[in-house]
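Each chain, letter by letter, is given below.
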Amino acid sequence: SQTIHQWPATLVQPVGSPLSLECTVEGTSNPNLYWYRQAAGRGLQLLFYSVGIGQISSEVPQNLSASRPQDRQFILSSKKLLLSDSGFYLCAWSSHGGLNTGELFFGEGSRLTVL
Amino acid sequence: AQTVTQSQPEMSVQEAETVTLSCTYDTSESDYYLFWYKQPPSRQMILVIRQEAYKQQNATENRFSVNFQKAAKSFSLKISDSQLGDAAMYFCAYSPRNTGKLIFGQGTTLQVKP
């Protein structure tokens, strides 16, 4: 069966510090991968998605970047965090190509607080 | 632009009763998916139900069913025999076929009263 795991679950960082959130998927190959952000009491905003190694699409201009160094690994990064980067970050995957049913499978989420 | 609107920020229901959560969406596509996701306090998103736009029959999963009105671009979720464990935030989501991207509504927080 497929699993998705992201870490760390909770992170408190000072303004101006770097960020690295990691996400890995097991039990499937060549998945589509996504990073979403959820601000407090709000819906989910798509930040990045990737259809393959090294292929990253950004949905909104921001202080963050994403990388996909391996097929089932997706990393969200920042060189210098801003207060506005605080939020709940969700990694997700979906099947690729003809297997895609539209459904996303989500990780447990990472809560980032920037002070 | 493709958007999803949930007009009810909060809803409450008595245990064992029925509640309906509303969702409307805007798109010019004809082939797409619609979803309801549940986000309990643990924060992990869980799929509740899925509907394919080309299917006229409303999807049903146990106590959860939808009322899909394609012409009206409406996709409401009905929860029957509500249970305490149904308390969560519910998100309606839309995905054009073969794009792999979901567009979410703002969410509805459901409270279940014992």
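Residues numbered from 1 in each chain as written. Chains lettered and ligands numbered in written order. Predicted model: local features only at pLDDT ≥ 70, side-chain atom pairs only at ≥ 80, totals over all residues. Heavy atoms only, no water.

Asker: I'd like to hear about the overall build of chain A, residue by residue, with values.
Answerer: Within chain A, the regular secondary structure consists of 0 helices and 11 strands. When the helices and strands of chain A are placed in sequence order, the string is β-β-β-β-β-β-β-β-β-β-β. Over its C-alpha atoms chain A spans a radius of gyration of 14 Å, differing by no more than 12% from the 13 Å that the globule rule assigns to 115 residues. Seen through its principal axes, chain A has C-alpha atoms that stretch 45 × 30 × 20 Å. Expressed as a percentage of the 115 residues in chain A, the buried residues total 50%. When contacts within chain A are restricted to residue pairs at least 6 apart in sequence, those whose partners lie at least 24 apart make up 56%. In the form shown here, chain A has an accessible surface area of approximately 5,200 Å², with 54% of it arising from carbon and sulfur atoms. Taking the average place of the 7 positive charges on the side chains of chain A and the average place of its 7 negative ones, the gap between the two points comes to 10 Å. (Helix = DSSP H or I, 4+ residues; strand = E, 2+ residues; numbered from the N terminus. Rg over C-alpha atoms; globule rule 2.2 N^0.38 Å. Buried < 20%, exposed > 50% of the residue type's maximum accessible area, 1.4 Å probe, protein only. Contact = heavy atoms within 4.5 Å. Areas by Shrake-Rupley, 256 points an atom, 1.4 Å probe, with all protein chains shown as cover. Lys, Arg positive; Asp, Glu negative; His and termini not counted. Charge placed at Lys NZ, Arg CZ, Asp CG, Glu CD.)

Asker: Requested: an account of the interface of chain A and chain B, with residues and values cited.
Answerer: In this assembly, 22 residues from chain A lie in contact with 19 residues from chain B. Both faces combined, the contact of chain A with chain B buries some 1,700 Å², and carbon together with sulfur accounts for 49% of it. Sorting the residues of chain A by area buried against chain B places Leu44(A), Glu103(A) and Phe106(A) first, and these three jointly supply 25% of that buried surface. For the pair chain A and chain B, the interface holds 1 salt bridge. A salt bridge links Glu59(A) to Lys101(B), with the nearest nitrogen and oxygen atoms 3.5 Å apart. Residue assignment for the side of chain A that touches chain B shows that the elements contributing at least two residues are strand 4 (32-38), strand 5 (44-52) and strand 9 (87-94) of chain A. Tallied by class, the residues present in the side of chain A that touches chain B amount to 9 nonpolar, 8 polar and 5 charged. (Buried area = accessible area lost by both parts, 1.4 Å probe. Salt bridge = Lys/Arg side-chain N within 4 Å of Asp/Glu carboxyl O. Nonpolar A, V, L, I, M, F, W, Y, C, P; charged D, E, K, R; others polar.)

Asker: Which residues make up the packing of aromatic side chains, and what values go with them?
Answerer: All names here are of chain B. Within the structure shown, the criterion is met by 17 aromatic pairs over all chains. Arranged with centres 6.1 Å apart and planes meeting at 40°, the rings of tyrosine 33 and phenylalanine 35 form a pair that is tilted. By relative accessible area, tyrosine 33 is classed as buried at 2%. Overall, the relative accessible area of 0% leaves phenylalanine 35 in the buried class. For the ring pair tyrosine 37 and phenylalanine 104, a centre distance of 5.9 Å and an interplane angle of 55° mean the geometry is tilted. You can see tyrosine 37 sitting in strand 5 (residues 32-39) and its partner phenylalanine 104 sitting in strand 11 (residues 103-104), a full 67 residues away along the chain. (Phe/Tyr/Trp six-rings, centres within 6.5 Å; stacked < 30°, edge-to-face > 60°.)

Asker: With reference to specific residues and values, describe the pairing of strand 2 (residues 10-13) of chain A.
Answerer: All names here are of chain A. Only one face of strand 2 is buried, namely the one carrying Leu11 and Gln13, since none of Thr10 and Val12 on the opposite face is buried. Of the strand pairs in this sheet, strand 2 and strand 11 (residues 110-114) are connected by 4 bridges, and their pairing is parallel. What sits directly across from valine 12, in strand 11, is threonine 113. (Pairing = 2+ DSSP bridges.)

Asker: Account for the pattern of salt bridges, naming residues and giving values.
Answerer: This structure, assessed with the given rule, holds 10 salt bridges over all chains. Of the charged contacts, one joins Arg72(A) and Glu26(A) as a salt bridge, the two residues approaching to 3.7 Å between their closest N and O atoms. Of this pair, Arg72(A) sits in the loop between strand 7 (65-70) and strand 8 (73-78) while Glu26(A) sits in strand 3 (residues 19-26), and the two are 46 residues apart along the sequence. Residue classification places Arg72(A) among the partly exposed residues on the basis of a relative accessible area of 35%. Residue Glu26(A) is classed as partly exposed on the basis of its relative accessible area of 42%. When the shortest N-O distance is used, the salt bridge between Glu52(B) and Arg97(B) registers 2.9 Å. With Glu52(B) in strand 6 (residues 46-52) and Arg97(B) in the loop between strand 10 (88-96) and strand 11, this pair connects stretches of sequence that are 45 residues apart. On the basis of relative accessible area, Arg97(B) is assigned to the partly exposed category, the value being 24%. Salt bridges sharing common partners tie together Asp31(B), Arg50(B), Glu52(B), Lys55(B) and Arg97(B).

No statement about biological role is implied by the geometric values presented.
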